[in-house]
Amino acid sequence: MKNNIKRRPKLAVWKFASCDGCQLSLLDCEDELLSVAEEVEIANFPEASRAVARGPYELSLVEGSITTSHDAERIHKVRRASKFLITIGACATAGGIQALRNFKDVNEFTSAVYANPEYIETLNNSTPINNHVRVDFELRGCPINKYHLLEVVNAFLNRRKPNIPSYSVCMECKMRGTTCVMVSKGIPCLGPVTNAGCGAICPSYNRGCYSCFGPSEDPNTRALSEKFKQMGVSSDDLVRMYRSFNTSADVFMKESMIHEQD
Amino acid sequence: MEKPKPKLGDQMVISRSKFGTLFTSLQKAGYSIIGPTVSNEAIVYQELSSCEELPQGWTDRREPGTYRLEKRDDQALFGFNVGPHSPKKYLFPPEHVFWTAQRKESGYEVYEDKSELPRYAFVGLRACEVNAVLLQDKVFTSGEHVDQHYQKLRDASLIVAANCTQADGTCFCVSMGTGPKAEKGFDLALTEVLDGEQHYFVVEVGSKRGAAVLGGVSFRRAKPKELKLAEEACDRAAGQMGRTLETDGLKDILQSNPDSVHWDKVAKRCLSCGNCTMVCPTCFCTTVVDRTDLKGTSCERIRRWDSCFTNEFSYINGGSVRQSTKSRYRQWMMHKLANWIDQFGTMGCVGCGRCITWCPVGIDITQEAAAIREREGDQASIGKVKEDEHAVT
Ligand code: SF4
Ligand code: SF4
Ligand code: SF4
């Protein structure tokens, strides 16, 4: 049985380069949020409160990618202060949409966007957290699925492995009874190489999967791209398909580069 | 004229205009009717309230990796083959809660869902699908450990088969001896006939339950010409099989060629997405997961469809046994076409063609099996690829 006198473990949420959508999933848990707050002490959660309790933290949830030298240092501090570090979302696990800069000269962007680009201090690349520090678990998605987040916190509290699928979106698509858009309508779909987690939303609205959840456990992007080509997808479009929210996920990056040379 | 009392093996005729009485008779008997209907450019299984929801005037065209719905130039109700769904959607649902539990002062209390299960009447099952149900019966209800949930659903269900009067690009039931005419496992079996202005169904009685349902239907005795036309329609389908699977000696060939280079060839194309196993009407693998709340006070135990194409599927202490796509595809086909025979006395394939149609890259079980057969004994092809089976590729 749980002992109420026992100190609640400290949970901290950290933000790096990101849109905040993933940490908002935690606020989005509404009904369950109260039980989360009863089970853990929320020590740092920028979207909910400005109060920050001192570390060390039993569980750190890290959102966002590393895009500045300041952040590249800060993530080490977070790691040192955290017993478990879990990255949440496409930015933290695969560089996010901002990793599109990795293929271009970042100075060109800053001078085009900002009136005074000299004030902008940024790295050339947007990189996932695991390029910088050891990560205990990666939760994928743009944004993450809030039930997955609860499951990860739950598994952490109960000292067990999180029940998070690593198979393809197709499995979820079929289990919900959706008719495959690739086969029945000839719409290119990234579902076969994408990690499950969203519940196969897009195919159920007659759209191909955009791969918000990034590569699945065994993504055969080579074979899928071959099929897309037969369906008439151009090399330029192939490059774009693999470069979105999970741009710097290794397999997708390599696959996109192959089609850049086509 | 007094209505004849239908008996086992009798063949009657229901005219198209009276076909609705079959639905009302099933509804009166308390069945919830599951049947084919057009939804989002495919013919899927759904609960139906009237025969007007059947895919009247529609047909499907299936090729490897392709499915398209097309208009027919007649008003046939069953003028198509099979869609992405199969009866397993209802008899063996994708997710099933075994029980829930609540933490008590000491220990747990376990609750089982005791609510009444639906009584399904499946209308329009194809011969291959009826045979798939019979195979799943074997898996779930023969032997020592009977799946109670499946058994209850199955005992309460009724099957009105619809014999195929056409076949398409991925059908091969003739090779598997499972169609196009249902020979067993049905309560009633329909053969749809369109003969000029005439549109009717020859119905065969397969069980007492079927005969009872027919009691509430408007029918008449079949004339010899009508029986002949129905038979010809099924023969026509048999001649239209898009594919064949040479089953002679296949079990030995597969089992003695685990190292054929052909497995590597398939693995290059296979996405390991699992679609083939999800759509297969006989695939029965599941995983069991526990869902708990944050406080650890309540829990549900769920059974969910699983697939031999996932990493987790063969996970044992220390890692997954089948890490390569090659080993997974081989496992799938070897089980379907060979090891099933050792396990259940028959192949696990009914030739419905779903795995071929719904594979996003159109991998074709009949072609892959033929390729392994062709390379049989081709020593040069064996052992050349002695890569570590367990290496992540
Ligand atoms: S629609 Fe996409 S996700 Fe769904 S089964 Fe087809 S390929 Fe897979
Ligand atoms: S293996 Fe393929 S053709 Fe055979 S029953 Fe399964 S889905 Fe149908
Ligand atoms: S055979 Fe086709 S459907 Fe099956 S796992 Fe491979 S790519 Fe997916």
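What you are looking at is a predicted structure, and each value in this text was computed from that prediction instead of being measured.

**Here's the deal with the side chain of Asn220 of chain A**
Locating Asn220 of chain A in the fold gives a position in the loop between α9 (201-204) and α10 (221-230). Within the structure, Asn220 of chain A has its side chain in polar contact with the backbone nitrogen of Ala223 of chain A (distance 3.1 Å). With residues near it in sequence (within four places) discarded, Asn220 of chain A still touches Val193 of chain A together with Ala267, Lys268, Arg269, Cys270 and Leu271 of chain B.

**Structural notes on the domain arrangement of chain A**
All names here are of chain A. For chain A, the assigned domains are domain 1 (10-157) and domain 2 (169-260). On a C-alpha basis, the centroid separation for the pair domain 1 and domain 2 is 25 Å. Across the boundary between the two partners, domain 1 contributes 18 residues, which contact 17 residues of domain 2. Where domain 1 touches domain 2, the interface holds 0 salt bridges. The tally of links from domain 1 across to domain 2 stands at 6 residue pairs in polar contact (both at pLDDT 80 or more). Class assignment for the residues of the side of domain 1 that touches domain 2 results in 10 nonpolar, 7 polar and 1 charged.

**A word on the packing of helix α11 (residues 325-344) of chain B against helix α13 (residues 365-374) of chain B**
Packed helices, taken two at a time, are described by the angle between their axes plus the distance between the axes. All names here are of chain B. Taken N-terminus to C-terminus, the directions of α11 and α13 make an angle of 90 degrees; their axes are 12 Å apart at the nearest point. When the axis of α11 is compared with that of α13, the two are roughly perpendicular. Where α11 abuts α13, its residues Tyr329, Trp332, Met333 and Leu337 lie against Ile365, Glu368 and Ala369.

**A closer look at the packing of helix α3 (residues 127-141) of chain B against helix α4 (residues 148-156) of chain B**
All names here are of chain B. Where α3 contacts α4, the axes come no closer than 9 Å and their chain directions differ by 140 degrees. For the element pair α3 / α4, the angle class is oblique. Once α3 is placed against α4, the crossing between them reads as left-handed. Seen from α3, the contacting residues are Val133, Leu134, Gln136, Asp137, Phe140 and Thr141; seen from α4, they are Tyr150, Gln151 and Arg154. Tallied by class, residues from the contact of α3 with α4 come to 4 nonpolar, 3 polar and 2 charged.

**Remarks on the pattern of salt bridges**
Residues and elements named next belong to chain B. All told, the structure shown has 34 salt bridges over all chains when counted by the stated rule. With its nearest N and O atoms 3.3 Å apart, the salt bridge here joins Arg291 to Glu95. Of this pair, Arg291 sits in strand β13 (residues 286-292) while Glu95 sits in strand β6 (residues 95-103), and the two are 196 residues apart along the sequence. With relative accessibility at 38%, the residue Arg291 sits in the partly exposed group. With relative accessibility at 37%, the residue Glu95 sits in the partly exposed group. Linked by salt bridges that have partners in common, Glu95, Arg291, Glu300 and Arg304 make up one network.

Scoring rules and cut-offs
Residues numbered from 1 in each chain as written. Chains lettered and ligands numbered in written order. Predicted model: local features only at pLDDT ≥ 70, side-chain atom pairs only at ≥ 80, totals over all residues. Heavy atoms only, no water. Helix = DSSP H or I, 4+ residues; strand = E, 2+ residues; numbered from the N terminus. Polar contact = N/O pair within 3.5 Å; in protein donor to acceptor, adjacent residues only side chain to side chain. Contact = heavy atoms within 4.5 Å. Domains from an automatic or database assignment. Salt bridge = Lys/Arg side-chain N within 4 Å of Asp/Glu carboxyl O. Nonpolar A, V, L, I, M, F, W, Y, C, P; charged D, E, K, R; others polar. Axes fitted to C-alpha atoms, helices over the stretch in contact; angles between N-to-C directions. Parallel < 35°, antiparallel > 145°, perpendicular 65-115°, else oblique. Left-handed = near helix turned anticlockwise from the far one by under 90°. Buried < 20%, exposed > 50% of the residue type's maximum accessible area, 1.4 Å probe, protein only.

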